[in-house]
Every structure is written in C-alpha cells, then in structure tokens.
Amino acid sequence: MFLRRACQAVFRAAEALAPPVGARVAERLWFRLPTARPSADAAAGATPIGELLGSAFEVGLRGHAVRGWVWGEGPVVYLVHGWGGTLEQLTPLVTPLLDRGLQVVAFDGLSHGRSDPGVHGADSSDAVELGRSLDAVAARFGPARAVVAHSMGALSTLLAIRDGWVAAERLVLVAPPSGIPDLLVHLRSELGLGERTTQRLVERVRRRTGYAPDELDLVTIATALELHERPELLVVHDLLDREVPHAPSVRLVQAWPGAELLSTAGLGHRRVLADAAVGGAVARFVDRLPVEASLHGDDRPQPWPGEAADAGSAAAAEARAGAA
C-alpha cells in the first residue's frame, strides 16, 4: 500500500511538471513482462516438451527468431499463449488435438520463452507483437483449421484475423480479456495517472503498436469483422477466474453470432488449460463436432451456488455440475 501511494505521488508530480516523462515511465511499467515463473507452468499441469514427440522450428520476424514446436500431420491448429506465458502452458491440449488427426503448432512470442527478445527488449512486449509472431509462424505452416489462444493471446489472435495476417476456420479463446481500454482504466487507477499524462501515454501506445488503445478491444474487433471473416467461435472461461473477469466473455459471445461459451467453475485462469474435459471439448470443436456449452450468449452468469446458503444441497450440486 505504501509503495502504491508513493508511486501515485510521483505520477501526480509528473502530471503537474512533466507529463511526457510520466507517460514514458507508465509505458515501461505497462508493457514490462512479468518475471518468469517456471513452477507455475508445472503447477498448472503443463506437459514437458521432451515428453511429446515433435520437431522444433524457427521463423524470422524483423530480424528476430520466433521459436516453437510442431506435432503431427493434417489440418493445422495454432496454439497461442498469453501475456508472460510460454507454449509449455498449452501442451495439455496437444494430445487431444493429435488424436483428432490434426497438426499442432505452438510457439513462443518474441520476448517470451525460447524466442528472441523483441523490438523493445527482452523484458517488454505487447499484444500486437504477439499477433505478428503468430503471423510469422502462420506464413510458414499455412491457413489454420483453428487457432486456440489463451488470455492476452486472444486479443493478438483476433487482431491478426481482422487485419488479414492469419486465416482460420475455427477459433477457441480461453479466458480472454476484454481488451486494452479496460486495462488502461485499471492502469490509470493503480498509478494515479492524470489526464495530461494519460493523453501522452495513449500517443506513445499508438506509436509503439500502430493502434490506438480504443481499437484494441475484443468486442470492437469482433463487430468489425465481416461475416465471411468470422471463424466459428468457442469461448472457454472459468466463472471464478481471479485474473480476467468472466463477464466480458459473455459480452463477446453475444456480439458474435453463433458463438458458444463453455463456462467452468473452480479451474481459474491457467489450470483451465490443463483440464481434461476442457481439452476434450476444444478438440471436438476444432474437429467440427458439437460441444455441449454450459452457457450461451443470451444467458447471464449466475452466482457461485455455494454463496446461496439457503439453496437446497441437491439444487446446489446440480448447479455446480452444470457450471463445470
């Protein structure tokens, strides 16, 4: 709390005396990647690359190497990790997809995992750079039967589809964030950014990425897609995700005709990737088979049954089973 207040005091001073300096510091903080946590992948049930029979590959992106792995043969499925993630977090999905006769391609975006540092250094990246990493990989392996993207990778993938970098028949977004505008609101609150500093930060983001923050919103991108550009969509999100709220996924499904929302309960933001039932549902969807989604776009997420103490135990158990 003390550090937060001290930080806010610094940005208040910058707002009054030097907004460009405050914006530059805010940009560095916003786009700084989290410290790698190898144990987090293991805890989430990730499968070591060495236990999967595949081949390593490398592609170039503006003089930097994007590295990844490819498994199997058949229609291509790309796996896209999220902010500060690596392809290892997505390995639980590989076997279910291979069992469907699909080729699976996973990679580390620039500044992530085994890939080279990006344009802004080893500890900095953004959703657009991750989307361009996907573009570079897709240029090597071709159009996709599907793209499966986690967290911030969902924004990167939608951007790549809208701007014609990647073509996909089907799309699975796992725990997608609402987009950059909401993140900017959160950042302003955390750092105590004033109006002048924020305006300059927005300008810096535009120069850095080529996009204004308002453009990098999932629903905005989704509604901008022509019908023939929209892949069939499945969104997977845990009702109890503490890092990325569930409600924006409902709004995204409502804005995407024919989209389905598979809601889990109790898996959180990362363990959802390692859940066998989720992996099976994702593989079925990619293989053009029906998925029994638990929540559709015209529904609203209900409170966790345990919070309703007066509900009967049988009714609570039934609701809990439906949410999972």
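Parameters and conventions
- Residues numbered from 1 in each chain as written.
- Predicted model: local features only at pLDDT ≥ 70, side-chain atom pairs only at ≥ 80, totals over all residues.
- Heavy atoms only, no water.
- Helix = DSSP H or I, 4+ residues; strand = E, 2+ residues; numbered from the N terminus.
- Buried < 20%, exposed > 50% of the residue type's maximum accessible area, 1.4 Å probe, protein only.
- Contact = heavy atoms within 4.5 Å.
- Areas by Shrake-Rupley, 256 points an atom, 1.4 Å probe, with all protein chains shown as cover.
- Salt bridge = Lys/Arg side-chain N within 4 Å of Asp/Glu carboxyl O.
- Core = buried A, V, L, I, M, F, W, Y, C linked by side-chain atoms within 4.5 Å.
- Patch = residues over 30% accessible without salt bridge, like charges linked within 9 Å, V, L, I, M, F, W, Y side chains within 5 Å.
- Phe/Tyr/Trp six-rings, centres within 6.5 Å; stacked < 30°, edge-to-face > 60°.
- Lys NZ or Arg CZ within 6 Å of the ring centre and 35° of its normal.
- Expected span 1.5 Å × (residues − 1).
- Axes fitted to C-alpha atoms, helices over the stretch in contact; angles between N-to-C directions.
- Parallel < 35°, antiparallel > 145°, perpendicular 65-115°, else oblique.
- Left-handed = near helix turned anticlockwise from the far one by under 90°.
- Nonpolar A, V, L, I, M, F, W, Y, C, P; charged D, E, K, R; others polar.
- Pairing = 2+ DSSP bridges.

Q: Teacher, can you tell me more about the overall build of the protein chain here?
A: Regarding its fold elements, the protein chain presents twelve helices and eight strands. Looking at the protein chain as a whole, 51% of its 324 residues are labelled buried. In the protein chain, once contacts between residues fewer than 6 apart in sequence are set aside, the share between residues at least 24 apart is 77%. Roughly 14800 Å² of accessible area belongs to the protein chain as shown, and the carbon and sulfur atoms make up 53% of that amount.

Q: I would appreciate a short explanation of the pattern of salt bridges in the present structure.
A: When the charged atoms of two side chains lie near each other, side chains of opposite charge can form a pair. Counted by the stated rule, this structure contains 14 salt bridges. As a salt-bridge pair, glutamate 58 and arginine 67 come within 3.1 Å of each other at their nearest N and O atoms. Judged by its relative accessible area of 27%, arginine 67 is partly exposed. Ionic pairing is found between arginine 67 and aspartate 116, a salt bridge with its closest N-O pair at 2.9 Å. Taken together, the residues arginine 67 in strand E2 (residues 64-71) and aspartate 116 in the loop between strand E4 (103-108) and helix H5 (127-141) connect sequence positions 49 residues apart.

Q: It is not clear to me how the nonpolar core should be interpreted in this structure. Could you clarify?
A: As a rule of thumb, soluble globular proteins bury nonpolar side chains together. Ranked by size, the top nonpolar core spans 60 residues in total, and within it Tyr78, Val137, Leu173, Leu201 and Trp256 carry the most contacts. Among the elements that take part in this core, H5 stands out by supplying eight residues, more than any other. Those residues in contact with tryptophan 256, other than ones at most four positions away along the chain, are Leu158, Leu171, Ala222, Leu225, Arg230, Pro231 and Leu233. Counting 31 residues, the second largest nonpolar core, distinct from the first, contains Ala175, Leu267, Val278 and Val286.

Q: Even after reading the chapter, I still don't get a nonpolar patch on the surface, so can you show me in this structure?
A: Together, Val21, Val25 and Leu29 give the surface a local cluster of nonpolar side chains, amounting to about 200 Å² of exposed area. Structurally, valine 25 is set in helix H2 (residues 19-30).

Q: Explanation requested: the packing of aromatic side chains in the structure shown.
A: Centre-to-centre distance and the angle between the planes together describe a pair of aromatic rings. All chains considered together, the criterion is met by two aromatic pairs. Centroid distance phenylalanine 57 to phenylalanine 141: 4.9 Å. Interplanar angle 70 degrees. Geometry classified as edge-to-face. Of the two residues, phenylalanine 57 sits in strand E1 (residues 55-61) while phenylalanine 141 sits in helix H5, which places them 84 residues apart along the sequence. Taken as a pair, phenylalanine 57 and phenylalanine 141 share a single burial class, namely buried. The aromatic ring of phenylalanine 285 is capped on one face by arginine 170, whose charged end is 4.7 Å from the ring centroid. It is arginine 208 that lies over the ring of phenylalanine 31; its NZ or CZ is 4.2 Å from the centre.

Q: What exactly am I supposed to notice about H5 here?
A: Given 3.6 residues per turn, any residue in an α-helix points the same way as the ones three and four places further on. Between the first and last C-alpha of H5 there are 21 Å, a value that for 15 residues agrees with the 21 Å anticipated at 1.5 Å per step. Among the 15 residues that make up H5, eleven are buried, leaving the element largely enclosed by the rest of the structure. Among the residues of H5, Ala127, Val128, Glu129, Leu130, Gly131, Ser133, Leu134, Ala136, Val137, Ala138 and Phe141 are the ones counted as buried. Buried residues in H5 make contact with E1, E2, strand E3 (76-80), E4, helix H6 (152-162) and helix H8 (195-209). Remark: glycine 142 follows H5 within two positions and exhibits a positive phi of approximately 95 degrees.

Q: I would appreciate a short explanation of the packing of H5 against H6 in the present structure.
A: Relative placement of two packed helices is described by the angle separating their axes and the distance separating the axes. Here H5 crosses H6 at 60 degrees, and the two axes come no closer than 8 Å. Looking at the two axes, H5 sits oblique to H6. The crossing of H5 and H6 is right-handed. Counted together, Ala127, Val128, Leu130, Gly131 and Leu134 of H5 and Met152, Gly153, Leu155, Ser156, Thr157, Leu159 and Ala160 of H6 form the full contact between these two elements. Looking at the contact of H5 with H6, its residues break down into eight nonpolar, four polar and no charged.

Q: Could you clarify how one ought to interpret the environment of proline 48 in this entry?
A: Structurally, proline 48 is set in the loop between helix H3 (38-43) and E1. A residue is classified by how much of its surface remains accessible, and proline 48, at 42% relative accessible area, is partly exposed. Considered as a pair, proline 48 and glutamate 88 are 40 residues apart in the sequence and their alpha carbons are 6.8 Å apart.

Q: Even after reading the chapter, I still don't get the side chain of arginine 208, so can you show me in this structure?
A: Structurally, arginine 208 is set in helix H8. With sequence-adjacent residues up to four places away left out, arginine 208 is seen in contact with Glu27, Phe31, His120, Ser124, Ser125 and Asp126.

Q: Help me out: how do you make sense of the sheet that holds E4 in this one?
A: Two modes of strand pairing occur in sheets, parallel and antiparallel, and in both the strands are linked by backbone hydrogen bonds. In space, the eight strands of this open sheet follow the order E1-E2-E4-E3-E5-E6-E7-E8, with mixed pairing throughout. Strands with a single pairing partner mark the edges of an open sheet, and in this sheet they are E1 and strand E8 (260-264). Strand-to-strand twist in this sheet, taken as the mean axis angle between neighbours without regard to direction, amounts to 20 degrees. With four bridges connecting them, E3 and strand E5 (residues 144-150) associate as parallel partners. Within E5, the position partnered with tyrosine 78 by the bridge is valine 147. The strands touched by helix H10 (residues 247-254) are strand E6 (168-174), strand E7 (232-238) and E8; relative to E7, the strand with the most contacts, the crossing angle is about 165 degrees. Helix-sheet contacts for helix H11 (residues 276-286) involve E3, E5, E6, E7 and E8, and the interaxial angle to E6 is about 160 degrees.

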